Amino acid sequence: MRRDQTETITLRLEKKILAKLRRESEQNQTSLNTLSNQIFRQHIDWHSKAAKAGYVPLQKPVIIKLLDRISEEDVIQVAEEANRDIFKDVMLLMRDKNDLISSLNLFETWVRASGFPYKIEVDEDKEVYSYVIQHDMGKKFSLFLAIRVRVILEQLEKEGNFVVTDNTVAVKVDVGKTG
């Protein structure tokens, strides 16, 4: 595995912030350097561009209550229409290109930023990416998320195999062949 080149720099941090970072790195059983790289990567990959791309933070209960007030048919329609209208623009803003691997990378970044428990597996030999996201937000959110991912894959001429439960979405994507 190829390691990215690194460079040493010196930063001045407030003592309270540094103490909290050290405590978090100890709790996560990782080095302060690794935690710092994760924070910087998350900022570059998500936080610096997400608001510009239209993402807004909402609490889970707010989203659940909104989804509870609309039908499953409306959830599907909103997920399909919204994604078709904005997908390409979001990809260009967030990743500078609109291809399958970049789209999957953005999806992974969103999952990490969401704080949902997740599992991501990549079988490089079979060229299959597998995602399991446990959101605990109900069936309509599962449906919404699955439809959004399906629409993205369709726009990239790919297919996914989906498993949708009340609180989990699983999807497998074969990146090696056209759908």
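Residues numbered from 1 in each chain as written. Predicted model: local features only at pLDDT ≥ 70, side-chain atom pairs only at ≥ 80, totals over all residues. Heavy atoms only, no water.

Engineer: I'm lost on helix H4 (residues 72-95) in this one. Help?
Structural biologist: Spacing of three or four residues puts side chains on the same side of an α-helix, whose turn is 3.6 residues. Of all the bends in H4, the greatest, near 50°, is centred on Ile86. Along H4, the residues that are buried comprise Val75, Ala79, Asn83, Phe87, Val90, Met91, Met94 and Arg95. Considering only its buried residues, H4 is in contact with helix H2 (32-50), helix H3 (60-68), helix H5 (100-114) and helix H6 (139-155). Once H4 ends, the next one or two residues include Asp96, with phi positive near 70°. (Bend = angle between axes of the 7 residues up to and from the residue. Helix = DSSP H or I, 4+ residues; strand = E, 2+ residues; numbered from the N terminus. Buried < 20%, exposed > 50% of the residue type's maximum accessible area, 1.4 Å probe, protein only. Contact = heavy atoms within 4.5 Å.)

Engineer: Even after reading the chapter, I still don't get the sheet that holds strand S2 (residues 128-134), so can you show me in this structure?
Structural biologist: Within a beta sheet, neighbouring strands are joined by backbone hydrogen bonds and run either parallel or antiparallel to one another. With antiparallel pairing, four strands are arranged side by side in an open sheet as S1-S2-S4-S3. Either end of the sheet is taken by a strand with one partner, and the two such strands are strand S1 (118-123) and strand S3 (160-164). Put simply, the sheet's adjacent strands are angled 10° from each other on average, direction ignored. In the sheet, S2 pairs with strand S4 (residues 168-174) via seven bridges, with the strands oriented antiparallel. Along S4, the bridge assignment pairs Val128 with Asp174. Running over the sheet, H5 touches S1, S2 and S4 and is turned about 25° from S2. Across the sheet, H6 lies against S2, S3 and S4, angled at about 175° from S3, the strand it touches most. (Pairing = 2+ DSSP bridges. Axes fitted to C-alpha atoms, helices over the stretch in contact; angles between N-to-C directions.)

Engineer: Is there a simple way to explain the packing of aromatic side chains in this structure?
Structural biologist: Each aromatic ring pair is specified by the distance between its two centres and by the angle formed by the two planes. Under the definition given, this model contains six aromatic pairs. Each ring, one from Trp110 and one from Phe116, has its centre 5.8 Å from the other, and the planes form 70°; the classification is edge-to-face. Given a relative accessible area of 7%, Phe116 falls into the buried group. Between the aromatic rings of Phe116 and Phe141, the centroid separation amounts to 6.0 Å while the plane-to-plane angle is 65°, which identifies the pairing as edge-to-face. (Phe/Tyr/Trp six-rings, centres within 6.5 Å; stacked < 30°, edge-to-face > 60°.)

Engineer: Would you mind going over the side chain of Lys158 with me for this structure?
Structural biologist: Its location among the elements puts Lys158 in the loop between H6 and S3. For Lys158, which is buried and forms no salt bridge, the nearest opposite charge comes from Asp174, at a distance of 5.7 Å. There is a polar contact of 3.3 Å between the side chain of Lys158 and the backbone oxygen of Val175. (Lys, Arg positive; Asp, Glu negative; His and termini not counted. Salt bridge = Lys/Arg side-chain N within 4 Å of Asp/Glu carboxyl O. Polar contact = N/O pair within 3.5 Å; in protein donor to acceptor, adjacent residues only side chain to side chain.)

Engineer: Hey, could you run me through the side chain of Thr109 in this one?
Structural biologist: With respect to the secondary-structure elements, Thr109 resides in helix H5. A polar side-chain atom of Thr109 sits 2.9 Å from a polar atom in the side chain of Arg95. Dropping the residues within four chain positions of it, Thr109 is found in contact with Gln42, Asp45, Trp46 and Arg95.

Engineer: Any chance you could explain a nonpolar patch on the surface here in plain terms?
Structural biologist: A cluster of nonpolar side chains, namely Ile9, Leu11, Leu13, Ile17, Ile39 and Phe40, defines an oily patch on the protein surface of about 560 Å² accessible area. For Leu11, the location among the structural elements is in the segment before helix H1 (15-27). (Patch = residues over 30% accessible without salt bridge, like charges linked within 9 Å, V, L, I, M, F, W, Y side chains within 5 Å. Areas by Shrake-Rupley, 256 points an atom, 1.4 Å probe, with all protein chains shown as cover.)

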